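Analysis of the macromolecular model
Okay, here's what each chain looks like letter by letter:
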Amino acid sequence: MGSTEPLRLAGVGIGALSEIDLEIAPGEIGCLSGASGSGKSRLLRAVADLEPHDGEVWLGEQAQSQMPGHVWRRQVMLLPAESHWWEDRVGEHFAKRPAESELAVLGFTPDTLEWQVSRLSTGEKQRLGLLRAVSLEPRVLLLDEPTANLDDATSARVEAWLVDRIRSRGWPTLWVAHDRAQIARVASHHWRIAGARLEELEPA
Ligand SMILES: Nc1ncnc2c1ncn2[C@@H]1O[C@H](COP(=O)(O)OP(=O)(O)OP(=O)(O)O)[C@@H](O)[C@H]1O
C-alpha cells in the first residue's frame, strides 16, 4: 500500500524542544541531526505517540490525538536505534515471509529466518529490524540512525535499498542521521536541533 499523504508536525513540544513545525511530503526524506542528548530520539517517539507531547502530528487529515496509539503506530512506524525482539527465532517476527531477494539485498539468506535471535550481532539486528519494519507496509517511517552499526559497504547497500523503498512506496520519512555525506545523498530537507527549535539547513 502506498502513501499519498504528508506528515506534518504542528507546534510539537517535548522535553527541551518546543513549537516544532515541519512537513514531509510523500516519498520525501527529512533528516534530523543535532548533538547527543539534544532530543532527536524523543522527538521521533513523540511522532510515534510513544511519549506525551504538546502540539499535534498529522498524517494527511488524520490527527494523532484522535486515534488510539497502537492504530497510529501501525501507520507511523518507528525503527528505534535498538530494535526489539521477543520471540526465539528470527522468522517468528515476520507476519509474511520476506522474499529471498529482499533478504539478499540486506546480506541474508532464507536460512537466516531459522536463526536464534540471541545469536544476532548488533548490525544484523539493525538490518533485520529494518526489513521487519518495511515489511509491515506502514504509511510513514521514523528511522533512528538506521545505518549506524554497519560497515561502509553494507551501509551503502542498505541506504540505497531504503531510499528506493521509501520513494516507490511514497512514505514520508523522518531519518535521524549524523553523517553529512549520507544526509546530502538522501535528504529532501535537513533540520538540525538548535536549542529548543529546529533550524532548516541545505541538505547538500
Ligand atoms: N522519558 C524521558 N523523560 C525525561 N527525559 C528524558 C526521557 N527520555 C530521554 N530523556 C532525556 O532527554 C534528552 C534527549 O534524549 P534523546 O534520547 O532524544 O537524545 P538524542 O538527541 O537522541 O541523543 P543521541 O544522539 O545520544 O541518541 C536527554 O537528556 C535524555 O536524557
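Structure's up top.
Residues numbered from 1 in each chain as written. Predicted model: local features only at pLDDT ≥ 70, side-chain atom pairs only at ≥ 80, totals over all residues. Heavy atoms only, no water.

What about the side chain of glutamine 64?
To keep things clear, this is the line we draw: Secondary structure elements are defined from DSSP: runs of H or I of at least 4 residues count as helices, runs of E of at least 2 residues count as strands, and each element is numbered from the N terminus. Think of a polar contact as two N or O atoms within 3.5 Å of one another; within protein, one of them needs to be a possible hydrogen donor and the other a possible acceptor, and neighboring residues in sequence only count if both atoms come from side chains. Throughout, a contact is declared for two residues whenever any of their heavy atoms are within 4.5 Å.
Positionally, glutamine 64 belongs in the loop between strand E5 (62-63) and helix H2 (69-75). Polar contacts involving the side chain of glutamine 64 include one to the main-chain carbonyl oxygen of valine 47, which spans 3.0 Å. When residues no more than four places from it in sequence are discounted, the contact partners of glutamine 64 are Ala46, Val47, Ala48, Asp49, His53, Glu56, Val57 and Trp72.

Regarding the layout of surface pockets
Selection rule: Using only the protein atoms, space was sampled on a 1 Å grid; points where a 1.4 Å probe fits but cannot get out form cavities, open sets with protein on both sides within 12 Å along at least five of seven lines form pockets, and lining residues are those with an atom within 4 Å of a point. Grid points are joined across faces, edges and corners, and a volume is the space filled by probe spheres set on the points. In this classification, Asp, Glu, Lys and Arg are treated as charged, Ala, Val, Leu, Ile, Met, Phe, Trp, Tyr, Cys and Pro as nonpolar, and every other residue, Gly included, as polar.
Roughly 510 Å³ of internal volume is contained in the largest pocket. Sorting the residues of the lining of the largest pocket by element identifies helix H1 (40-47), strand E6 (76-79) and helix H4 (122-135) as the ones contributing at least two each. In terms of residue class, the lining of the largest pocket is made up of 13 nonpolar, 5 polar and 5 charged. One number sums up the size of the second largest pocket: a volume of about 230 Å³. Going through the elements one at a time, helix H5 (152-169), strand E8 (173-176) and helix H6 (180-186) are the ones with two or more residues in the lining of the second largest pocket. Of the residues forming the lining of the second largest pocket, the biggest block, 4 residues, is contributed by H5.

Quick word on the site of the ligand
Formally: Each residue is tested against the molecule or strand, and it is near if at least one of its non-hydrogen atoms lies within 4 Å. Using a 1.4 Å probe, the Shrake-Rupley method yields the accessible areas, and only the shown protein chains count as cover for residues.
Neighbouring the ligand are the residues Ala35, Ser36, Gly37, Ser38, Gly39, Lys40, Ser41, Arg42 and Glu51. Note that an oxygen atom of the ligand is positioned 2.9 Å from one of the backbone N or O atoms of glycine 39. Burial of the ligand by the protein chains amounts to 49% of its free accessible area of 640 Å². Taken together, the residues of the shell around the ligand break down into 1 nonpolar, 5 polar and 3 charged.

Quick word on the pairing of strand E4 (residues 54-59)
This is how the line gets drawn: Any two strands with at least two DSSP bridges between them are considered paired.
Here strand E1 (residues 7-14) pairs with E4 via 5 bridges, running antiparallel. Counted as the bridge partner of glycine 13 is aspartate 54 from E4. Both E4 and E5 contribute to a ladder of 2 bridges, which runs antiparallel. Paired with leucine 59 across the bridge in E5 is glutamine 62. Counted along the chain from E4 to the antiparallel partner E5, the turn is 2 residues long, and its residue glycine 60 has a positive phi close to 60°.

A few points about the pattern of salt bridges
Convention followed: Each reported salt bridge corresponds to a side-chain nitrogen of Lys or Arg within 4 Å of a carboxyl oxygen of Asp or Glu. Buried residues are those whose accessible area, probed at 1.4 Å on protein chains only, stays under 20% of the maximum for their type, while exposed residues exceed 50% and partly exposed ones sit between those limits.
The tally for this structure, following the rule as stated, stands at 8 salt bridges. Note that arginine 45 and glutamate 51 form a salt bridge whose closest N and O atoms lie 3.1 Å from each other. With relative accessibility at 32%, the residue arginine 45 sits in the partly exposed group. Its salt-bridge partner being glutamate 114, residue arginine 89 comes within 3.0 Å of it at the nearest N-O pair. Residue arginine 89 is located in the loop between E6 and helix H3 (100-105), and its partner glutamate 114 is located in the loop between H3 and H4; the two are separated by 25 residues in the primary sequence. The network of salt bridges with shared partners includes Arg42, Arg45 and Glu51.

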